[in-house]
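Chain by chain, the residues:
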Amino acid sequence: MKKTTFVTLEQLRAFSQTIPTPFHLYDEQAIRENARRVNQAFAWNKGFKEYFAVKATPNPSIMQILHEEGCGMDCSSLTELMLCDRVGIRGEDIMFSSNDTPKQDFQLAEQLGAIINLDDITHIQSLLDAIGYIPEKISCRYNPGGNFEISNTIMDTPGEAKYGMTKAQIMQAAKILKERGAKEMGIHAFLASNTTTNDYYPTLARQLFSLAVEIQRETGLPVTFINLSGGVGIPYRPDQEPADIMKIGAGVQRAYEEVLTPAGMEVKLCTEMGRFMLGPYGCLVTKAIHEKHTHKEYIGVDACACDLMRPAMYGAYHHITVAGKEDEICDHMYDIVGSLCENNDKFAINRMLPKIDKGDFLIIHDTGAHGHAMGYNYNGKLRSAEVLLQPDGTARLIRRAETPEDYFATLDF
Ligand SMILES: *Cc1c(COP(=O)(O)O)cnc(C)c1O
């Protein structure tokens, strides 16, 4: 499938008059439409809620848009909780799915009325130490270990993941929580990342539904919500098929009707998607500022791995479009590089693209989630701006670029 951009060269020229490159640009209309599709896919489940994984795109304007579309927020740190509070998102609109959790984080989560999701059985005591009681509604994270397989294909390796409790531990945790005053519990698991198969959620859901039946039968603590967490992927490559959220929702419904309904259980479902909610609806806009012809052909751009870490960190593919040259033949092979003194600072290696000239805008696709959020300051690089493309076609700055003053703010000379 041909990957298309949501912004034109003319728009980029106009926006860059006031907002210099590089910047991350987000498509508000597409974010809203996608959130509506997610809610529609799970509309059969009374009480369904998507808790957007704040870590993917921790920007108040983005959080506000998703909240307006009925989403809650999934947090895992103190400042993510503070962000929600500042945006006016509180109470059960926050899922606190942390791990290795500091005491003060538990305390703020409790103050905000968030649903607390315990990563480990020992966190029951940590929570008691932090807030002095066990909330009536609480959640536990499950990790079955081993490999997570769908039709004999290994999707991921939960046995190697630091998260969650074993089955024996989660059963035990339910008993302890009940004794300590819990009236209802939720269960949560995140067993595979960036899956584009429509079978991930249904397969995971079936496992969690069976576990929920077992926990409720054995401990008498009602399991009232089940959290499928994140992991639904996006097609970064042009040849990848996108996940079909309507089919995913229907697959989960089938598992629900086959496992929970016969057990007489009524359970609210939730998800904590980050990538699926934002990934395709953001891009990194950067400008070609150098060309270099040595042992290879290089195009140097004004963004670097500090603006988008995924290619350097995971060797991740991000599609690149040269704005205004969408229909030109890709007959030039380039490495597209940033300016870090690190040889992995390359957005693309041996990529076939149209001839690039200095001053061209390069659009790096699918940076809406885990893009700007993973930014860092190595080499004294300053984090870029974030810009919202609004439904009327105008751009709004939703985070200014850092200045040297920001970089120096924590230093003492
Ligand atoms: C990262 C994370 C998510 C979101 O994952 P995506 O792959 O972006 O969907 C959800 N929940 C938890 C607990 C996470 O750590």
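Remember, predicted model here, so these are calculated numbers, not experimental data.

Peer 1: So, the overall build of the protein chain: which residues are in play, and what are the values?
Peer 2: Of regular secondary structure, the protein chain possesses 12 helices and 19 strands. In terms of C-alpha radius of gyration, the protein chain reaches 23 Å, essentially the compact-globule figure of 22 Å for 413 residues. Reported as C-alpha extents along the three principal axes, the dimensions of the protein chain are approximately 70 × 55 × 40 Å. Total accessible area on the protein chain stands at roughly 18,200 Å², and carbon and sulfur atoms take up 48% of it. Between the centroid of the 41 positive side chains of the protein chain and the centroid of its 54 negative side chains there is a distance of 1 Å.

Peer 1: A description of the site of the ligand should follow, citing residues and the corresponding values.
Peer 2: Around the ligand, a shell composed of 14 residues is seen, among which Lys55, Gly231, Glu272, Arg275 and His370 lie nearest. Within the side chain of lysine 55, one N or O atom sits 2.6 Å away from an oxygen atom of the ligand. Interatomic distance of 2.8 Å between a side-chain N/O atom of histidine 370 and an oxygen atom of the ligand. With the chains in place, 91% of the 390 Å² that the ligand exposes on its own is no longer accessible.

Peer 1: Go over the pairing of strand E18 (residues 385–389), please, and point to the residues and values.
Peer 2: In terms of burial, E18 is a largely internal element, five of the five residues being buried. Here E18 shows no split at all, with Ala385, Val387 and Leu389 on one side and Glu386 and Leu388 on the other all buried. When strand E1 (residues 23–27) meets E18, the two strands line up parallel, connected through five bridges. Across the sheet, leucine 25 pairs through a bridge with valine 387, a residue of E18. Note that E18 and strand E19 (residues 395–399) share four bridges and pair antiparallel. Along E19, the bridge assignment pairs glutamate 386 with arginine 399.

Peer 1: Describe helix H5 (residues 103–112), with residues and values.
Peer 2: Listing the buried residues of H5 in full gives Asp105, Phe106, Leu108, Ala109 and Leu112. Relative to the axis of H5, the buried residues are bounded by an arc of 165° and lie together on one face. Where H5 terminates, the next one or two residues include glycine 113, which has phi positive at roughly 80°.

Peer 1: Before we move on, could you go through the side chain of asparagine 143 and cite the residues and values that matter?
Peer 2: Here asparagine 143 shows up in the loop between strand E6 (137–141) and strand E7 (148–150). Of the residues examined, asparagine 143 reaches a relative accessible area of 10% and is grouped as buried. At 2.8 Å, the side chain of asparagine 143 forms a polar contact with the backbone nitrogen of glycine 145. At 3.4 Å, the side chain of asparagine 143 and the backbone oxygen of alanine 161 are in polar contact. Not counting residues within four places of it along the chain, the set of residues in contact with asparagine 143 comprises Pro158, Gly159, Ala161, Tyr163, Gly164, Met165 and Thr166.

Peer 1: An account of helix H7 (residues 167–179) is requested, with residue identities and associated values reported.
Peer 2: In this model H7 runs 19 Å from its N-terminal to its C-terminal C-alpha over 13 residues, within 8% of the 18 Å that 1.5 Å per residue would give. Within the span of H7, buried status applies to Ile170, Met171, Ala173, Ala174 and Leu177. Taken around the axis of H7, the buried residues stretch over an arc of 160°, which confines them to a single face. Every exposed residue of H7 that faces more than 90 degrees away from the buried side is listed here: Ala168 and Glu179.

Peer 1: Go over the nonpolar core with me, naming the residues and quoting the values.
Peer 2: One finds Leu66, Ile187, Tyr201, Phe209, Ile226 and Met277 to be the most contacted residues of the largest nonpolar core, which totals 91 residues. The element contributing the most residues to this core is helix H8 (residues 200–219), with 10 residues. Excluding its chain neighbours within four sequence positions, the residues that come into contact with isoleucine 226 are Ile187, Leu208, Phe209, Ala212, Leu260, Val267, Lys268, Leu269 and Cys270. Formed by 16 residues, the second largest nonpolar core is a distinct cluster that contains Ala303, Leu308, Ile336 and Leu353.

Peer 1: Can you break down the pairing of strand E2 (residues 49–53) residue by residue, with the values?
Peer 2: Where burial is concerned, most of E2 is hidden: four out of the five residues are buried. As defined by bridge partners, E2 adjoins strand E11 (residues 268–271) across two bridges and the pair is classed as parallel. Of the residues in E11, the one forming a bridge with lysine 49 is cysteine 270. By the bridge criterion, three bridges tie E2 to strand E3 (residues 72–75) in an arrangement that is parallel. Considered in E3, the bridge of tyrosine 51 is made with glycine 72. On the question of chirality, the crossover connecting E2 to the parallel E3 by way of helix H3 (residues 60–68) is right-handed.

Peer 1: Could you give an account of a negative patch on the surface, naming the residues involved and the relevant values?
Peer 2: A contiguous patch of negative charge on the surface is contributed by Glu10, Glu326, Asp327, Glu328 and Asp331. With respect to the helices and strands, aspartate 327 occurs in the loop between strand E14 (320–322) and strand E15 (332–337). With a relative accessible area of 75%, aspartate 327 lands in the exposed category.

Peer 1: Go over the packing of H3 against helix H4 (residues 78–87) with me, naming the residues and quoting the values.
Peer 2: For the pair H3 and H4, interaxial distance at closest approach is 10 Å and the crossing angle is 65°. As H3 packs across H4, the resulting crossing turns out to be right-handed. Across the interface between the two elements, Pro60, Met63 and Gln64 from H3 touch Leu83, Cys84 and Val87 from H4. In the contact of H3 with H4, the residues fall into five nonpolar, one polar and no charged.

Criteria and thresholds
Residues numbered from 1 in each chain as written. Predicted model: local features only at pLDDT ≥ 70, side-chain atom pairs only at ≥ 80, totals over all residues. Heavy atoms only, no water. Helix = DSSP H or I, 4+ residues; strand = E, 2+ residues; numbered from the N terminus. Rg over C-alpha atoms; globule rule 2.2 N^0.38 Å. Areas by Shrake-Rupley, 256 points an atom, 1.4 Å probe, with all protein chains shown as cover. Lys, Arg positive; Asp, Glu negative; His and termini not counted. Charge placed at Lys NZ, Arg CZ, Asp CG, Glu CD. Near = heavy atom within 4 Å. Polar contact = N/O pair within 3.5 Å; in protein donor to acceptor, adjacent residues only side chain to side chain. Buried < 20%, exposed > 50% of the residue type's maximum accessible area, 1.4 Å probe, protein only. Pairing = 2+ DSSP bridges. Arc of directions from axis to C-beta. Contact = heavy atoms within 4.5 Å. Expected span 1.5 Å × (residues − 1). Core = buried A, V, L, I, M, F, W, Y, C linked by side-chain atoms within 4.5 Å. Right-handed = clockwise from strand over helix to strand, strands pointing away. Patch = residues over 30% accessible without salt bridge, like charges linked within 9 Å, V, L, I, M, F, W, Y side chains within 5 Å. Salt bridge = Lys/Arg side-chain N within 4 Å of Asp/Glu carboxyl O. Axes fitted to C-alpha atoms, helices over the stretch in contact; angles between N-to-C directions. Left-handed = near helix turned anticlockwise from the far one by under 90°. Nonpolar A, V, L, I, M, F, W, Y, C, P; charged D, E, K, R; others polar.

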